[in-house]
Amino acid sequence: QLQLVESGGGLVQPGGSLRLSCVASGGTLDYNAIGWFRQAPGKEREGISCISRIGGSSDYADSVKGRFTISRDNAKNSVYLQMSRLKPEDTGAYFCAAASTPYCAGFPDPQWGPSRLDWASWGHGTQVTVSS
């Protein structure tokens, strides 16, 4: 199935910005909702954002709402996460995942948790560290 690769992570100071990319190969993202998740050391993976197949709908966790923006470019098989006003608590490994559905209404409600089997493809993550 799809192979996903994240990039764009790094070290940034609080208040800074980063843009993460998720690029797919072995298929297209035309028919998949795409989610972004993050996992801090010692914590469970949590959903932070999701975008529908055509980019018409997006959802965010309360912790990132107003600071992060998800977007996609299906022609480039890519999904992006623009992160602004970063905080130390944003530190973690960030993963993108492709759903077997074209939508993710209600994300990040429990039905869209990372253990849901509809998240059929995962990247290996990119590290984001927010620190002075």
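As shown above, the structure is provided for reference.
So, here's what we can say about the structure. Keep in mind it's a predicted model, so treat the numbers as computed, not measured.

**Brief notes about the side chain of N32**
Inference 1: Considering the arrangement of structural elements, one finds N32 in the loop between β3 (18-25) and β4 (34-39).
Inference 2: At a separation of 2.7 Å, a polar atom in the side chain of N32 contacts the main-chain carbonyl oxygen of A99.
Inference 3: Once residues lying within four places of it in the same chain are set aside, the contact partners of N32 are L2, R53, R72, A98, A99, S100, T101 and P102.

**Some points on the pattern of salt bridges**
Inference 1: Under the definition given, this model contains 5 salt bridges.
Inference 2: With a shortest N-O distance of 3.0 Å, R38 and E46 are connected by a salt bridge.
Inference 3: Relative accessible area serves as the criterion here: at 6%, R38 is assigned to the buried category.
Inference 4: Several salt bridges share partner residues, and in doing so they unite R38, E46, R67 and D90 into one network.

**Looking at the state of the cysteines**
Inference 1: Under the definition given, this model contains 2 disulfides.
Inference 2: There is a disulfide in this structure between C22 and C96, and the S-S distance comes to 2.0 Å. Across the S-S bond linking C22 and C96, the dihedral sits near 70°, which makes this disulfide right-handed. Of the two residues, C22 sits in strand β3 while C96 sits in strand β9 (residues 92-99), which places them 74 residues apart along the sequence.
Inference 3: Within the protein chain, bonded cysteines paired by disulfides and numbered along the sequence follow the pattern 1-3, 2-4.

**Observations concerning the packing of aromatic side chains**
Inference 1: Counting across every chain of the model gives 6 aromatic pairs.
Inference 2: Measuring from ring centre to ring centre gives 5.8 Å for F37 and F107, while their planes differ by 80°; the resulting arrangement is edge-to-face. Here F37 is found in strand β4, whereas its partner F107 is found in the loop between β9 and β10 (119-122), with 70 residues between them in sequence.
Inference 3: The exposure class of F37 is buried, given its relative accessible area of 0%.
Inference 4: Here the aromatic residues F37, Y103, F107, W112, W119 and W122 are joined through ring pairs into a cluster of three or more.
Inference 5: Positioned above the aromatic ring of F95 is the side chain of R45, whose terminal nitrogen or guanidinium carbon lies 3.8 Å from the ring centre.

**Here's the deal with the side chain of S52**
Inference 1: With respect to the helices and strands, S52 occurs in the loop between β5 (46-51) and β6 (58-60).
Inference 2: The residues contacting S52, other than those within four sequence positions of it, are A33, S57, R72, P102 and C104.

**Details of the sheet that holds β3**
Inference 1: Pairing in this open sheet of 4 strands is antiparallel, and the strands run β1-β3-β8-β7 from one edge to the other. Edge positions in the open sheet fall to β1 (3-7) and β7 (68-73), since each of these has one partner strand only. Geometrically, the sheet is characterised by an average inter-axis angle of 15° between neighbouring strands, direction not taken into account.

**Looking at the nonpolar core**
Inference 1: Membership of the largest hydrophobic core comes to 26 residues, with the highest contact counts inside it found for L4, W36, F68, V79, L81, M83 and Y94.
Inference 2: With 4 residues, the single largest contributor to this core is β3.
Inference 3: The contact partners of M83, leaving out residues within four places of it in the chain, are G16, S17, L18, L20, R67, F68, Y94 and V128.
Inference 4: Counting 9 residues, the second-largest nonpolar core is a separate cluster that includes F37, C50, W112 and W119.

Procedures and definitions
- Here the residue index of a chain counts from 1 through its sequence in written order.
- With the structure being a predicted model, the display of local features is reserved for residues of pLDDT at least 70 and the display and counting of side-chain atom pairs for 80 or more, all residues being used for whole-chain, interface and lining totals.
- The side-chain quantities take in all heavy atoms of the structure and omit both hydrogens and water.
- Only runs of H or I of at least four residues qualify as helices and only runs of E of at least two qualify as strands under DSSP, and these elements are numbered from the N terminus.
- Contacts described as polar in this section are N or O atom pairs within 3.5 Å, which, within protein, must combine one atom able to donate a hydrogen with one able to accept it, while residues neighboring in sequence count only if both atoms come from side chains.
- Note on contacts: a residue pair is in contact if any heavy atoms of the two residues lie within 4.5 Å.
- We count a salt bridge whenever a side-chain nitrogen from Lys or Arg sits within 4 Å of a carboxyl oxygen from Asp or Glu.
- Three labels apply to residues, based on accessible area from a 1.4 Å probe with only protein chains included: buried if under 20% of the type maximum, exposed if over 50%, partly exposed otherwise in between.
- The disulfide definition used here is simple: a pair of cysteine sulfur atoms within 2.5 Å.
- Each Phe, Tyr or Trp ring, with Trp reduced to its six-membered ring, pairs with another whose centre is within 6.5 Å; inter-plane angles below 30 degrees give stacked pairs, above 60 give edge-to-face pairs, and intermediate values give tilted ones.
- In our convention, an over-ring charge means Lys NZ or Arg CZ found within 6 Å of a ring centre and within 35 degrees of that ring's normal.
- DSSP calls a pair of strands paired once it identifies at least 2 bridges connecting them.
- Under this scheme, a helix contributes an axis fitted over its contacting stretch, all axes are lines through C-alpha atoms, and angles between N-to-C directions fall in the 0 to 180 degree range.
- Among buried residues, the Ala, Val, Leu, Ile, Met, Phe, Trp, Tyr and Cys ones that are joined through side-chain atoms within 4.5 Å form a nonpolar core.

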